[in-house]
Amino acid sequence: MTSTDMRPARPFGAVGTAVVTPLTQDGHGVDLDAAQKLAVHISEHGNDLIVVSGTTGEAPALTDVEKLELARAVRAAVGPEVKVVAGVGTYDTAHSIDLARAHAELEGLDGLLVVTPYYSKPSQAGVIAHTTAIADATDLPVMLYDIPGRTGIPLAYETLLRLGEHERILAVKDAKGDLQQASRVMAENGLAYYSGEDALNLPWLAIGASGVVSVVGQVAAEFEKQMVEAVDRSDLAGALEAHRRLVPLVEAIMSQLPGAVAAKAALALQGVLPHAAMRGPHVPADADQLRALAAALDAADGIPPCDPSRRPL
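Residue numbers here run from 1 along each chain, matching the order of that chain's written sequence. Whole-chain, interface and lining totals are the exception, using all residues; otherwise, since this is a predicted model, local features are given only for residues with pLDDT of at least 70 and side-chain atom pairs are given and counted only at 80 or more. With hydrogens and water set aside, each side-chain value is computed from the structure's full complement of heavy atoms.

**Thoughts on the packing of helix H2 (residues 64–77) against helix H3 (residues 93–104)**
Here is step 1: Running from amino to carboxyl end, H2 crosses H3 at an angle of 30°, the nearest separation of the two axes being 10 Å. Taken together, the axis directions place H2 and H3 in an arrangement best described as roughly parallel. Two packed elements cross with a definite hand, and for H2 against H3 that hand is right-handed. Contact with H2, carried on its side by Asp64, Lys67, Leu68 and Ala71, involves His95, Leu99, Ala102 and His103 of H3 and no other residues of that element.
Here is step 2: For the contact of H2 with H3, a count of residues per class yields four nonpolar, two polar and two charged. Axis angles are defined between N-to-C directions and span 0 to 180 degrees, where every axis is a line fitted to C-alpha atoms and, for a helix, only to the segment in contact. Put simply, DSSP H or I for four residues or longer makes a helix, DSSP E for two residues or longer makes a strand, and each gets a number counted from the N terminus. For classification, angles of less than 35 degrees are called roughly parallel, those exceeding 145 degrees roughly antiparallel, those between 65 and 115 degrees roughly perpendicular, and all remaining angles oblique. When the near helix sits turned anticlockwise from the far one by under a right angle, the crossing is termed left-handed; a clockwise turn instead gives a right-handed crossing. Whether two residues are in contact is decided by their heavy atoms: any pair within 4.5 Å suffices. Classes in brief: Ala, Val, Leu, Ile, Met, Phe, Trp, Tyr, Cys and Pro nonpolar; Asp, Glu, Lys and Arg charged; the others, Gly included, polar.

In structure tokens, the structure reads:
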């Protein structure tokens, strides 16, 4: 256990993206070259944190070998100033521990993302035992992932306090949206919070979140960085300006399609990815959805535009 006043304010950077996983054209393999190019691209546009094998990365559809290869490739592609965190949480404690240990053997990985165990719906005592066992399995710092819309169970206030006592559990990626609970937790034990819901990035930063782990940041990291920096200097007007520039992109990417599908399609439209192949159960965006995405990207001044050859007719 550790004193909370010794925790770093931003243990995993400030401007993060949960990246898509580029696949081969047939969807059967992971395109590691494309993954490295994407990692370099978003780091050059303002990201200092990349999360692989998360929800947006289609983690449930990746094999353990693919997850390890992906984390290794992305870590090798970006410099030490960019943190790389890998998702290792599953609904099975033993499997999650194995994944955590395997990832800990990779050179230079900065942390583990541990989602609340999904489908199984354990008690809060079970969540604590599961998460603590994973954190105890390696020396890597841990970011909790609280996303009850997908897991079926939220992290309770008391659970967050208990887990926050662990010396390696440093942060929470929150996609639950309970700002009051988070305010209490941050005041009580110093866990760092990262917004895991793009529409709430500015409110999270305003109450003291350390940063964001964004989906939209894959195509608009510049705006995310502007917002974080404006909050850091207490420039509400500047933060609002960046937030409002992001609103139509958040609407286009996060409201009509699964985020993984829309983000991958947007990156393909920009020419950052060679295509937008998905792995089942996800299916690619259709022509109408692509046109709507392209219109949103074209209307957003200050981000990489659509590649004219990729724009749908």
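Read on for the rest.
**Details of unusual backbone geometry**
Here is step 1: Looking along the chain, the bond that leaves Gly280 and enters Pro281 is cis, with omega of 20°.
Here is step 2: Position of Pro281 among the secondary structure elements: in the loop between helix H11 (259–270) and helix H12 (287–299).
Here is step 3: For Ser53, which is not glycine, the phi dihedral falls at a positive 60°.
Here is step 4: Counting through the fold element by element, Ser53 comes out in the loop between strand S2 (49–52) and H2.

**A look at the environment of Ala94**
Here is step 1: You can see Ala94 is positioned in helix H3.
Here is step 2: Three exposure classes are used, based on accessible area relative to the maximum for each residue type with a 1.4 Å probe and protein chains only: buried under 20%, partly exposed in between, and exposed over 50%. Overall, Ala94 belongs to the partly exposed group, its relative accessible area being 46%.
Here is step 3: Separated by 168 residues in the primary sequence, Ala94 and Ala262 have C-alpha atoms spaced 33 Å apart.

**Quick word on the UniProt feature "binding site: pyruvate" (unreviewed entry) in the protein**
Here is step 1: UniProt positions are given in the numbering used here, feature names are shortened, and annotations may be inferred rather than shown by experiment. According to UniProt, the feature "binding site: pyruvate" (unreviewed entry) maps to Thr56 and Val213 in the numbering used here. Despite a sequence span of 158 residues, these residues sit close together in the fold, their greatest C-alpha distance being 10.8 Å.
Here is step 2: Mapped onto the elements of the fold, Thr56 is located in the loop between S2 and H2.
Here is step 3: Assessed through its relative accessible area of 7%, Thr56 is described here as buried.
Here is step 4: Here Val213 is to be found in strand S8 (residues 211–214).
Here is step 5: The class of Val213 is buried, set by a relative accessible area of 2%.
Here is step 6: Contact partners of Val213, with chain neighbours within four places excluded, come to Gly16, Thr17, Ala18, Leu49, Val51, Met143, Lys173, Tyr194, Ser195 and Gly196.

**Regarding the UniProt feature "active site" (unreviewed entry) in the protein**
Here is step 1: As annotated in UniProt, the feature "active site" (unreviewed entry) corresponds to Tyr145 and Lys173 in the numbering used here. A stretch of 29 residues holds the annotated residues, and the largest C-alpha distance among them is 4.8 Å, short enough that they meet in one place.
Here is step 2: Positionally, Tyr145 belongs in strand S5 (residues 142–146).
Here is step 3: Judged by its relative accessible area of 5%, Tyr145 falls in the buried class.
Here is step 4: Apart from the residues lying within four places of it in its own chain, the contact partners of Tyr145 are Thr55, Leu113, Val114, Val115, Thr116, Lys173 and Ala175.
Here is step 5: Locating Lys173 in the fold gives a position in strand S6 (residues 169–174).
Here is step 6: Overall, the relative accessible area of 5% leaves Lys173 in the buried class.

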